[in-house]
Amino acid sequence: MQSTLPADGLTMAAGDEDEESVFGKITRRIIPILFLCLVLNFVDRINIGFAQLQMKHALGFSDAVYGLGAGIFFIGYFFFEVPSNLILQRIGARKTILRIMFCWGIVSASTMFVQTPMQFYVVRFLLGAFEAGLLPGILLYLTFWFPKARRAKVIGLFMAATSVGGIITGPVSGWILHNMGGVGGLDGWQWLFLIEGLPSSIIGVFTYFYLDDDVKSARWLSQREKRTVADVLARDEAGEDRAAPSVWAAFRDLKVWLFSLTYMMVLSGANVTSLWTPSLIKGMGISNTVHIGLLSTLPYVAGGLGMIFYGRRSDRRGERRWHFAVAVMAGAACLALAQTPAMPLAFSMLFLSLAVGGNVAGLPVFWAAATGHLSRQTAAAGIAIISSVGNLSGILAPAGVGALATTTGRLSYGMFACAMVVAASGIVLLLMVPAQHRSSSASD
């Protein structure tokens, strides 16, 4: 049965007990392992921010070299995300996730052998190429299991893994840098890449045997439960074009490109803060790498809580656009405030935490709106286009911040510019998605 929320006009599917039970069962089955995959993905993505505390000095890299190398990672993302999602649609999630995780774990660990800027650039490009497809692939995979009404909540639960990854990476990386230097003739930063890279390959193999490609192949669902999911998804897709999936239909969709622009802008904040948080904390007067690692967990705690709370609230209220805009604008304002000179450490950490929390809390809502716009025929290509184009911010933002830091000697100038871009993403989505837009259904 269906009910309608008055808040923003979004239709809600008020699932009966059977629906609640089966979607709860699916959530408990697949979200934890997907969560773990994204945790490891985020660890391997941001540990370069901690490694550079020693790596830059040991190898003689400037901030500009580091920023460019960190950004080159996203070139691989840009070129390989769309092909990866199209392959997933053909061969299934199990084989795709196995290929992605096994390869990126090996490449991440191999960063320990880097000695020159060119080697650094090559390894970072390969890491991005092999990681490409994980996030858009899992987002596509979730559309196989959950209707639009329930996506902000499950995407929030899934993407909270990025915050858990940040919470884990700080203390673990700080401990490795502080205690493993000299062991076996390796520097601490080399041990960091080895210890944090290889688990991804192991978990990739496990997911191949644990996951199911779709509802039909899920032996842990009864036939009645499978019919329930099929009926809900069929209602969700009612009225959609039944033509064969087409990558060109997604490329011709103007909304896909506007979503891509919005994603690029909001990811500028997420990419910059994840890569430069250790340096920001060090600039606040903290020199001990263990302490830097511990303090760096605070922004990610705020981010994880924000994602879970905001995803649930957006589904419950049946509203996307203002949830996203308010979150990212507040985060941008706090990122700017965190750069205030001579601010006490407690206030700097508070504003930095709120900046990360606001910025990433909008991401599940963004993806719920974006996937709600896409039909089954355009979802694979559309999600990958939005993700790949959006991730170009990973090239521009870190390189820009690194160049400004090298030129001016002050990291805060780049952070102010980044905050303005993030705030603008909220405005773009408000203008792009009208209040009466039915981007998704909602359910609690």
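Residues numbered from 1 in each chain as written. Predicted model: local features only at pLDDT ≥ 70, side-chain atom pairs only at ≥ 80, totals over all residues. Heavy atoms only, no water.

### Brief notes about the overall build of the protein chain
So, point 1. Along the backbone of the protein chain there are 18 helices and two strands.
So, point 2. Relative to the 2.2 N^0.38 estimate, which gives 22 Å for 444 residues, the radius of gyration of the protein chain is 21 Å and therefore close to what a compact globule would have.
So, point 3. If you line up the protein chain on its principal axes, its C-alpha atoms span 60 × 45 × 40 Å.
So, point 4. A separation threshold of at least 6 residues defines the contact pool for the protein chain, and within that pool the share at least 24 residues apart is 84%.
So, point 5. Accessible area of the protein chain: about 16900 Å², with a carbon and sulfur share of 68%.
So, point 6. In the protein chain, the 33 positive side-chain charges and the 25 negative ones have mean positions that sit 1 Å from each other. (Helix = DSSP H or I, 4+ residues; strand = E, 2+ residues; numbered from the N terminus. Rg over C-alpha atoms; globule rule 2.2 N^0.38 Å. Contact = heavy atoms within 4.5 Å. Areas by Shrake-Rupley, 256 points an atom, 1.4 Å probe, with all protein chains shown as cover. Lys, Arg positive; Asp, Glu negative; His and termini not counted. Charge placed at Lys NZ, Arg CZ, Asp CG, Glu CD.)

### A word on a nonpolar patch on the surface
So, point 1. A contiguous nonpolar surface patch, about 470 Å² in accessible area, is contributed by Phe102, Ile106, Leu198, Val205 and Phe209.
So, point 2. Of all elements in the fold, only helix H3 (93–110) and helix H8 (188–210) reach the threshold of two or more residues within the nonpolar patch.
So, point 3. With three residues, the single largest contributor to the nonpolar patch is H8. (Patch = residues over 30% accessible without salt bridge, like charges linked within 9 Å, V, L, I, M, F, W, Y side chains within 5 Å. Salt bridge = Lys/Arg side-chain N within 4 Å of Asp/Glu carboxyl O.)

### Section: the pattern of salt bridges
So, point 1. For the structure on display, the rule yields four salt bridges.
So, point 2. Residue Lys25 pairs with Glu225 through a salt bridge whose shortest N-O separation is 3.2 Å. Here the residue Lys25 occupies a position in helix H1 (residues 17–59), and Glu225 occupies one in helix H9 (residues 223–236), the gap between them amounting to 200 residues.
So, point 3. By relative accessible area, which is 28% here, Lys25 ends up partly exposed.
So, point 4. Here the salt bridges share partners, and the residues they tie into one network are Glu19, Glu20, Arg150 and Arg235. (Buried < 20%, exposed > 50% of the residue type's maximum accessible area, 1.4 Å probe, protein only.)

### Regarding helix H13 (residues 297–317)
Since there are 3.6 residues in each turn of an α-helix, residues three or four apart along the chain are aligned in direction.
So, point 1. Between the first and last C-alpha of H13 there are 30 Å, a value that for 21 residues agrees with the 30 Å anticipated at 1.5 Å per step.
So, point 2. Where H13 terminates, the next one or two residues include Gly318, which has phi positive at roughly 65°. (Expected span 1.5 Å × (residues − 1).)

### Considering the confidence of the model for the protein chain
So, point 1. For the protein chain, the average pLDDT comes to 80, and 90% of its residues sit at 70 or higher.
So, point 2. Counting contacts from residues 1–15, a segment whose pLDDT is below 50, to residues more than four positions away or on other chains yields 44 contacts.
So, point 3. Predicted confidence for residues 436–444 stays below pLDDT 50, and this span has 43 contacts to residues more than four positions away or in other chains. (pLDDT = per-residue confidence, 0-100.)

### Topic: the state of the cysteines
So, point 1. Summed over the entire model, instances satisfying the criterion amount to zero disulfides.
So, point 2. With no disulfide of its own, Cys103 has Cys37 as its nearest cysteine by sulfur position, at a separation of 14 Å.
So, point 3. Unpaired in this structure, Cys334 has its nearest cysteine sulfur neighbour in Cys418, at a distance of 14 Å. (Disulfide = S-S within 2.5 Å.)

### Overview of the packing of aromatic side chains
So, point 1. In this structure the tally under the stated criterion is 16 aromatic pairs.
So, point 2. Centre to centre, the rings of Phe120 and Tyr121 are 6.3 Å apart; their planes meet at 40°, and the pair counts as tilted. As far as the burial class goes, Phe120 and Tyr121 line up, both buried.
So, point 3. Aromatic side chains Trp189 and Phe193 sit 6.3 Å apart centroid to centroid with 80° between the ring planes, which places their arrangement in the edge-to-face category. (Phe/Tyr/Trp six-rings, centres within 6.5 Å; stacked < 30°, edge-to-face > 60°.)

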